[in-house]
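# Structural description and commentary
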Amino acid sequence: MSRSLFSSALVVLWTVASAQSSSASWTHDPSTNLAVSTAANYQTRPTITVDGQGGTIIAWFDNRSGSDDIYVQRISGKGQPLWTPNGVAVCTVTGSQSYPYVVPDGAGGAIIAWTDLRGANQDIYAQRVNAAGVPQWTANGVPVCTATGDQGELALSSDGAGGAIAAWLDLRSASTGDIYVQRMNGAGAMQWTANGVALTASAAQKDVPQLIPDGTGGAFVCWEDGVNVNAQRVNGSGVAQWTAGGVLLGGGSFGPRVISDGQSGAIFGWLDQGPATSEYGPWTAHLNASGTALWTTQMSQLFNFSPQKGTDVIDIAPDGKGGVIAAWSDSRNGNNNRDIFARRVGAAGNNMWAANGVAVCTAANNQEGWIRIVADSLGGAVMVWNDPRVDGTTIDVFGQRLDANGVGQWFTPSGLQISSAVNSQSFPTLVNDGRGGVVIAWQDFRNGANNDVYAQRVDNFGFFGDPAPEIAYVQDLPADQGGHVRIKWNASYRDSSPTYNIGAYGIWRQVTGSVAALAVAHGARVSTAGAEADRGVYREVVEATQTTWWEGVGTVLARGQPWYTFVAETFQDSTGAANPLMTFMIDAHDASVAADFWSSFADSGYSVDNLAPGAPAPFTGAYVAGATRLHWGENTEHDLAGYRLYRGNSAGFVPSPANLVVAQADTGYSDAGPAGSYYKLSAIDIHGNESTFSLLTPAATSGVGGTGSPQILALAAPRPNPARSRTLVSFDLPVAEPVRLAVYDMEGRRERTLAEGETGAGEYQVPFDLRDSEGRPIRSGLYFVRLEAGGKTLTRRLAIVE
C-alpha cells in the first residue's frame, strides 16, 4: 500500500476577496514559523478553523490596547496573512474579552464567540467576519447571553447552515451552574429562547461543555455534571431530545469530548474510573441519534494516575470509518514521567492497536495537561501537546501523526518539534487543512517579553510548509490556432540542492464525472495513489463531500530548476460568446518513493485561437444578366467556418453588418446588387477570427462597362508597416498580363511568392501573413516587396517586427 496522497488539490479556484500583498508564506524552518500576530503586549490562547478554501482562520484574545480584546486573522493555504497585519479587531469594547472560539461561516469567513466582561458580569457575545475580514454584525458583537450571573466555559460549533451553536456554563441561578445552549443564524439573530436553552438543572457542579453539530441544525452536547459525564442532543429548534438532564456516560468521570460518527450519531470520550480501581483512564462510547448507547469501551487498563482536573486530559478524533482515535496522558511510567498514548476503537467498539495504547511520546519529564487531536483524512490522526522535555520548565510544541495502524509517521518515536524557537511555545491547537496536512497555531514567548501568536503548516509526513509545487499561471499559447495553454509552476522546495528529492512532476486536467465515467467504461485506467499523470489515466479526488475527476496529460522530469512549463491541450477555446476555463493541477513526485507525491492548488486558464484565416484569393467577378457572379479560392485552414461577403459603393467602404451580403461556406455567390459595386470578402474561423479583406473593384469585374482601369502600373507601400502579424499589399495593373508579386530578404533570397500568373487589369489587395513559403514565421528585419509586370519592376520596403 502506498503512503498515499500528501496534498489533494482544491477543486475551486483559490481566491480571496481582499487578499493583501504579502511576502509571508509557510516556512520550511521550525525555528522561524509564521508570525500571525506580534502586536504590542500579549496575544493569548489562539483557536483555529478552516476557511473552506484551503486556508485557515485564527482568533485569539489580545492585550495590545492594555485590556483584553478579540482579534482574528485569515491565513491562505500558501501561508499568507490575508487581512490587516496582526489581525482584524473583532471586539475592542471596554472591559475584558477573552477565550474566543471560532467556526467557519461556510462562505470564506468565520463566526467568533467569546466571554465578555463589558458589564457587571461575564457574558457571551459573538461576531461574524466575512471572507474579506469585515465584521458583519453589530459593532463589537451581538449578545448571545447577558443573563444575571457569570457565563463562561464557552464552546462553539457550526450549525451547518451558515450560523453557529454555543454552549456555556451559566451561573444565573446557582453557584454550581447549569449548561445552556443557543443557536444564532448567519445574520446574527438568536434562534432559540432569549439567553439560551437550559440543558441541566441539577445541584451538581457543572463544567467544560463540548458540542458538535448533529447534521440537522442541532447539536450533540456533553459536559461534566458533578462527578459524572453526561450527554444530550438538542434539535434545530432548541429542544432536548434525550433523557432530561442528559444521558449518563460515566460516573466518577471528567474531561468529556465529542465527535461525529459520520452518520447521525456521536462518539464521546472521557476519563473514567476502571471497573476494579479508583484510578482513571480513557473511555469512549457511541450513541445513536436517539441517545441509545451502541457500545462503551475502556481503552486502557494502565491508569496509574490521580483524577486531577486540568492535569491529565483526553482528546478524540474520528478514524473516518465510524470509529474513533483517542490520545491521552498517563503516568504508567511514573508520576514524574507522564507520557502520551493513543488507541483506536473500531466502528463496532473493538479496541485496535496495542493493548493499553501505542506510545506517542515517552520523552523526559511530564507531557500532560494539554493534548489536541484531529483526523488526518487517511484513517489516522495528528496530535499536538505541551512538552517540557528540554529542561522540565520551558514548554515546547510537539506533535505526531499516527497512521491507521497506529504507526508514527513523523520521524521520531516521541514526536516532531513543531517550533524550535527560544523560550516557551504552548497551548497548541490544530486543524486539518483539507490538503494533506495540518495547520497548528499556538501562543509563543520567543520574544522574551509577551506571548505572540504563531502558526505552522506540517504535511502528512512531517515536512514543514508545503512541498507541493505552485502554479504560477495557466496562459494561452500565443500565435497558435487555439486548443493549447502553457502552464508554468514553481518547483517544490524539495526539488533543490543538495538532496533533489523530487523525481518528476505530473500534470492533471480536470474533467467532469460523466467524461471520466465514459472513459473508464471504455477501458481507461484509474490511477491509484501515487501513479504519475500518464496521458489518458484518470484520478478521483474526494474532498469532504465534493468529488472531482482529473485526467493525466503528461509528465515532466525534475531537474532541480526553480520553475517548469508544460503545454497542455484544452477542450474549448475562448470566443466572444464564451470563455471556457480549463483547470489544472500539478503533482510533485518523490524521487525515491514513487507512491509519495504532493499536489498543487488547482488553477485555471483558457486558450484562444490567435490566428485569423488568410484573406480569400483569388477573388474574381463577372457581371452577367443583371447579377454579379463572384468566385474565390478556397481557404485551407482546418478551423475555417466560412466566408463573409460585403458590398459598398467605393473602395474605402468599411465592412459591417449593415453592408453584409451573405455569410456562407461556399466559394461562390451570385449577387443581384447594382452593377459596378465594390466587394470585400473575408474568411472567418470557428472561433470568430475574421481575416483581412480581399477587394474586388468594378474595374476588375468583367462585364461592367464604363468603369475604366488603372492608367499605370503601381505598387503601394504595405500596410501596416512595420508589420507584426500580417500586412496588406496593394497594386494596380493597367492591362491584363503575367504578374509576379514576391517578398525578398536583404540578401535577395525570395521568402514568399504572394501572386504569380496571368492577371486581369484592375486594382488588387493581397494579404501577407508574414510567413515564408514553408509556412514558418519570418524573423523580424527589413524585407522588400517586389512587383514584376510588363517588363517593369517596382519595389517597396517592409519592416517586420516582433
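What you see is a predicted model; the values in this text were computed from it and never measured.

Of the regular secondary structure elements, the protein holds one helix and 59 strands. Residue burial in the protein is summarised as follows: out of 802 residues, 54% are buried. Restricting the contact set of the protein to residue pairs at least 6 apart, pairs at least 24 apart contribute 54%. For the protein, the exposed surface amounts to about 31500 Å²; the carbon and sulfur share of it is 50%. Positive and negative side-chain charges in the protein, numbering 50 and 72 respectively, have mean positions lying 6 Å apart.

Applying the stated criterion across every chain yields a total of twelve aromatic pairs. Considering the side-chain rings of Trp168 and Tyr180, the 6.4 Å spacing of their centres and the 20 degrees angle between planes classify their relative orientation as stacked. Placement of the pair is Trp168 in strand S11 (residues 164–170) and Tyr180 in strand S12 (residues 178–184), with a sequence separation of twelve residues. Ring geometry for Trp489 and Tyr505: centres 5.8 Å apart, planes at 55 degrees, overall tilted. On the criterion of sequence distance, the pair formed by Trp489 in strand S35 (residues 484–490) and Tyr505 in strand S36 (residues 502–511) is long-range, its members being 16 residues apart. A relative accessible area of 0% means that Trp489 is categorised as buried. Looking at Tyr505, the relative accessible area reads 0%, which means it is buried. What links up through ring pairs into an aromatic cluster is the set Trp489, Tyr505 and Tyr564. In this structure, Arg389 is placed above the aromatic ring of Phe398, and the distance from its NZ or CZ to the ring centre is 3.6 Å.

Further remarks concern the pattern of salt bridges. Oppositely charged side chains may form a pair once their charged atoms are brought near each other. Summed over the entire model, instances satisfying the criterion amount to 29 salt bridges. Between Arg332 and Asp330 there is a salt bridge; the shortest N-O distance is 2.8 Å. Assigned by exposure class, Arg332 and Asp330 land together as buried. Residue Arg752 is joined to Asp769 by a salt bridge in which the shortest nitrogen-to-oxygen separation is 3.0 Å. Residue Arg752 is found in strand S56 (residues 750–759), and its partner Asp769 is found in the loop between strand S57 (762–768) and strand S58 (781–789); the two are separated by 17 residues along the sequence. On the basis of relative accessibility, which here comes to 26%, the residue Asp769 falls in the partly exposed class. The network of salt bridges with common partners includes Asp433, Arg435, Arg457 and Asp466.

This part is about unusual backbone geometry. A cis amide bond, omega 0 degrees, links Arg719 with the succeeding residue Pro720. Tracing the backbone through its elements, the reader meets Pro720 in the loop between strand S53 (714–715) and strand S54 (727–733). In this structure, the amide linkage connecting Asn721 to the following residue, Pro722, adopts the cis form with an omega of 10 degrees. Counting through the fold element by element, Pro722 comes out in the loop between S53 and S54. Phi is positive for Val208, close to 35 degrees, though the residue is something other than glycine. If you trace the backbone, Val208 turns up in strand S14 (residues 206–213). Accessibility expressed as a relative area gives 24% for Val208, which makes it partly exposed.

Take the sheet that holds strand S21 (residues 293–298) next. Strands sit in the order S18-S19-S20-S21 across an open sheet of four strands; the sheet is antiparallel. Every other strand in the sheet has two partners, leaving strand S18 (253–260) and S21 as the edge strands with one partner each. Taken pair by pair, the neighbouring strands of this sheet meet at an average axis angle of 20 degrees, ignoring direction. Across six bridges, the pairing between S18 and strand S19 (residues 266–273) is antiparallel. For Ile259, the partnering residue across the bridge sits in S19 and is Ile267.

For the rest of this paragraph, the subject is the sheet that holds strand S3 (residues 56–62). The strand order across the open sheet built from four strands is S2-S3-S4-S5, with neighbouring strands paired in antiparallel fashion. Two strands lie at the open edges of the sheet, namely strand S2 (43–50) and strand S5 (88–91), each paired on one side alone. The mean angle between the axes of side-by-side strands here comes to 30 degrees, regardless of whether they run parallel or antiparallel. As paired strands, strand S4 (residues 69–75) and S5 are joined by three bridges and run antiparallel to one another. Within S5, the position partnered with Val72 by the bridge is Val88.

Moving on: the environment of Trp370. Structurally, the position occupied by Trp370 is in the loop between strand S26 (358–361) and strand S27 (371–375). Apart from the residues within four sequence positions on either side, Trp370 is in contact with Arg45, Val313, Val384, Trp385, Asn386, Phe427 and Pro428. Looking at Trp370, its side chain comes within polar contact range of the main-chain oxygen of Pro428, at 2.7 Å.

Another point: the nonpolar core. Ile487, Trp489, Tyr505, Ile507 and Phe584 are the most contacted members of the largest nonpolar core, which totals 21 residues. For this core, the secondary-structure elements that each account for two or more residues are strand S34 (470–476), S35, S36, strand S38 (546–557), strand S39 (563–569) and strand S41 (582–590). Ranked by the residues each element gives to this core, the list is headed by S41, at four residues. Counting residues in hydrophobic clusters, the runner-up holds 20 residues, among them Leu715, Ala723, Leu770 and Tyr783.

With that settled, the discussion passes to the environment of Thr512. With respect to the element layout, Thr512 can be found in the loop between S36 and helix H1 (513–521). Under the relative-accessibility criterion, Thr512 is labelled partly exposed at 45%. Taking the C-alpha atoms as reference, Thr512 lies 6.3 Å from Trp549; in sequence the two are 37 residues apart. A distance of 3.1 Å separates polar atoms of two side chains, one belonging to Thr512 and the other to Ser514. Here the side chain of Thr512 touches Val515 through a polar contact of 3.2 Å, landing on its backbone nitrogen.

Mean pLDDT over the protein works out to 90, with 94% of the residues at or above the 70 mark. Within the model, the stretch residues 1–22 combines pLDDT values under 50 with 81 contacts to residues more than four positions away or in other chains. Here residues 305–311 scores under 50 on pLDDT; set against residues more than four positions off or in separate chains, the count is 20 contacts.

This paragraph deals with the pairing of S3. Two faces, one strand: in a regular strand the side chains alternate between the faces of the sheet. Where burial is concerned, most of S3 is hidden: seven out of the seven residues are buried. Side chains of S3 alternate between two faces, with Thr56, Ile58, Trp60 and Asp62 and Ile57, Ala59 and Phe61 buried alike. Pairing of S2 with S3 involves six bridges; the strand directions are antiparallel. Directly across from Thr44, in S3, lies its bridge partner Phe61. Between the end of S2 and the start of S3, which pair antiparallel, lie five residues, with Gly52 showing a positive phi angle near 80 degrees. Pairing between S3 and S4: seven bridges, direction antiparallel.

What counts, and at which threshold
Residues numbered from 1 in each chain as written. Predicted model: local features only at pLDDT ≥ 70, side-chain atom pairs only at ≥ 80, totals over all residues. Heavy atoms only, no water. Helix = DSSP H or I, 4+ residues; strand = E, 2+ residues; numbered from the N terminus. Buried < 20%, exposed > 50% of the residue type's maximum accessible area, 1.4 Å probe, protein only. Contact = heavy atoms within 4.5 Å. Areas by Shrake-Rupley, 256 points an atom, 1.4 Å probe, with all protein chains shown as cover. Lys, Arg positive; Asp, Glu negative; His and termini not counted. Charge placed at Lys NZ, Arg CZ, Asp CG, Glu CD. Phe/Tyr/Trp six-rings, centres within 6.5 Å; stacked < 30°, edge-to-face > 60°. Lys NZ or Arg CZ within 6 Å of the ring centre and 35° of its normal. Salt bridge = Lys/Arg side-chain N within 4 Å of Asp/Glu carboxyl O. Pairing = 2+ DSSP bridges. Axes fitted to C-alpha atoms, helices over the stretch in contact; angles between N-to-C directions. Polar contact = N/O pair within 3.5 Å; in protein donor to acceptor, adjacent residues only side chain to side chain. Core = buried A, V, L, I, M, F, W, Y, C linked by side-chain atoms within 4.5 Å. pLDDT = per-residue confidence, 0-100.

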